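# Descriptive analysis of the structure
Read off the chains here:
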Amino acid sequence: MRILLAIALLFLAGHSQAQTKPKVGDLAPGFQQVAADGSMLELSSIKGDLILLDFWAGWCKPCLHTIETILNPLYSKYSREQLQIVGVSYDKSADKWEKSMAKFNVPWLHVYDADDYDLYKKYAIEVLPTYYLVDSKGKIVAANVPSADLAKTVDDYFAKGK
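Residues numbered from 1 in each chain as written. Predicted model: local features only at pLDDT ≥ 70, side-chain atom pairs only at ≥ 80, totals over all residues. Heavy atoms only, no water.

## Overview of the overall build of the protein
To be explicit about the condition: Runs of H or I in DSSP of at least four residues are treated as helices and runs of E of at least two as strands, each being numbered from the N terminus. The buried label applies to any residue whose accessible area, calculated with a 1.4 Å probe on protein chains only, is under 20% of its type's maximum; exposed applies above 50%, and partly exposed to all values in between. Contacts are residue-level and defined by heavy atoms, with any inter-residue pair within 4.5 Å sufficient. Throughout, the Shrake-Rupley method with a 1.4 Å probe supplies accessible areas, and for residues the shown protein chains are the sole cover considered.
Looking only at helices and strands, the protein features 5 helices and 7 strands. Order of helices (α) and strands (β) in the protein, N terminus to C terminus: α-β-β-β-α-β-α-β-α-β-β-α. Sorting the 162 residues of the protein into buried and exposed places 44% on the buried side. Within the protein, residue pairs in contact and separated by at least 24 positions form 72% of the contacts whose partners lie at least 6 positions apart. By element, 55% of the accessible surface of the protein is carried by carbon and sulfur atoms, the whole surface being about 8400 Å².

This is the structure we're talking about:
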């Protein structure tokens, strides 16, 4: 498992290229990516009080565990007006991405970061999974949230009156 994680980190490091990592308070880097239904999805077009960006891949066991144990329950708990989840795939091919989505029955929005890994570069992703929370104004309200803290971070956001 450690070897697989080390390989994944090296692979991601090669794609992150010295970008500045967005931080809390920054405007979230925008995007226009191919969605699971074949349409183009823009960050600015997603409606919800809170947008959870989930950087993941079908080969990433911690990502898949989080989908089942944390993201699915969060998606069920909050309405779409409150919380939108956007999965950003790092799979090497659209075919592998689609198979992973089907296997794990993920109902939320998904985009494929295509061949250039543009979103992974914009968000300076170094490890999977990585999560960003973006408010309705496009500002980052939480960055690099650990999986273990993700549900609490979302719950706390809404508990503060959002």
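## Description of the pattern of salt bridges
Our working rule: The term salt bridge refers to a side-chain nitrogen of Lys or Arg lying within 4 Å of a carboxyl oxygen of Asp or Glu.
The full count for this structure, using the stated rule, is 5 salt bridges. Across the salt bridge formed by Lys-122 and Asp-118, the nearest N and O atoms sit 3.5 Å from each other. Of the two residues, Lys-122 and Asp-118 are both situated in helix H4 (residues 118-122); the distance of 4 residues between them amounts to about one turn of the helix.

## Details of the environment of Cys-63
Relative to the helices and strands, Cys-63 resides in helix H2 (residues 61-77). Owing to a relative accessible area of 1%, Cys-63 belongs among the buried residues under this scheme. Separated by 66 residues in the primary sequence, Cys-63 and Pro-129 have C-alpha atoms spaced 5.2 Å apart. Ignoring anything within four residues of it in the chain, the contact list for Cys-63 reads Phe-55, Trp-56, Ala-57, Leu-128 and Pro-129.

## Examining the packing of aromatic side chains
Counted only if it meets this: Any two of the Phe, Tyr and Trp rings considered here, Trp counted by its six-membered ring, make a pair once their centres fall within 6.5 Å; the pair's planes then place it as stacked at under 30 degrees, edge-to-face at over 60, or tilted in between.
As enumerated under the stated definition, the model contains 10 aromatic pairs in all. Aromatic pair Trp-97 and Tyr-112: ring centres 5.2 Å apart, planes at 20°, arrangement stacked. Of this pair, Trp-97 sits in helix H3 (residues 94-104) while Tyr-112 sits in strand S5 (residues 109-112); the two residues are 15 residues apart in sequence, bridging distant segments of the chain. There is no split in this pair, since Trp-97 and Tyr-112 are both buried. One aromatic cluster is present, formed by Phe-55, Tyr-90, Tyr-117, Tyr-120, Tyr-123 and Tyr-132 through successive ring pairs.

## Describing the confidence of the model for the protein
Low-pLDDT stretches of the model should not have their predicted coordinates read in fine detail. Applied cut-off: The pLDDT value expresses, per residue, how confident the predictor is, ranging between 0 and 100.
Summarising the model, the protein shows a mean pLDDT of 86, and 86% of its residues fall at 70 or more. Ranking the helices and strands of the protein by mean pLDDT puts strand S6 (residues 130-135) first, with 98, and helix H1 (residues 2-16) last, with 45. Here residues 2-18 is modelled with pLDDT under 50, and outside its nearest four sequence neighbours on either side it reaches 20 contacts, counting other chains as well.

## Regarding the sheet that holds S6
What counts, and what does not: Pairing between two strands requires that DSSP report at least two bridges joining them. The axes are straight lines fitted to the C-alpha atoms, using for helices just the contacting stretch, and the angles between their N-to-C directions are given from 0 to 180°.
One open sheet holds the 7 strands; their spatial order is S2-S1-S5-S4-S3-S6-S7, and the pairing between them is mixed. Strand pairing shows two members of the sheet lacking a second neighbour, strand S2 (40-42) and strand S7 (140-143), which therefore form its edges. Going across the sheet, the axis of each strand differs from the next one's by a mean of 35°, ignoring polarity. Contacts from H3 reach strand S1 (32-35), strand S3 (50-56), strand S4 (83-89) and S5, with the element oriented near 160° to S5.

## A look at the state of the cysteines
Formally: Any cysteine sulfur atom paired with another within 2.5 Å is treated as part of a disulfide.
Scanning the model with the defined rule gives 1 disulfide in all. One disulfide in the model links Cys-60 with Cys-63; its S-S distance is 2.4 Å. The S-S bond linking Cys-60 to Cys-63 shows a torsion near 80°; that makes this disulfide right-handed. Cys-63 carries the same exposure label as Cys-60, and that label is buried.

## Re the packing of H2 against helix H5 (residues 147-159)
To keep things clear, this is the line we draw: Just so you know how the angles are binned, under 35 degrees is roughly parallel, over 145 roughly antiparallel, 65 to 115 roughly perpendicular, and the rest oblique. Three residue categories are used. Nonpolar comprises Ala, Val, Leu, Ile, Met, Phe, Trp, Tyr, Cys and Pro, charged comprises Asp, Glu, Lys and Arg, and polar comprises the others, including Gly.
Interaxial distance between H2 and H5 falls to 10 Å at its minimum, and their mutual angle equals 10°. As far as their axial angle goes, H5 and H2 are roughly parallel. Here Thr-66, Ile-70, Leu-71, Leu-74 and Lys-77 of H2 come into contact with H5, specifically with Ser-147, Leu-150, Ala-151, Val-154 and Asp-155. Residue classes in the contact of H2 with H5 are distributed as 6 nonpolar, 2 polar and 2 charged.

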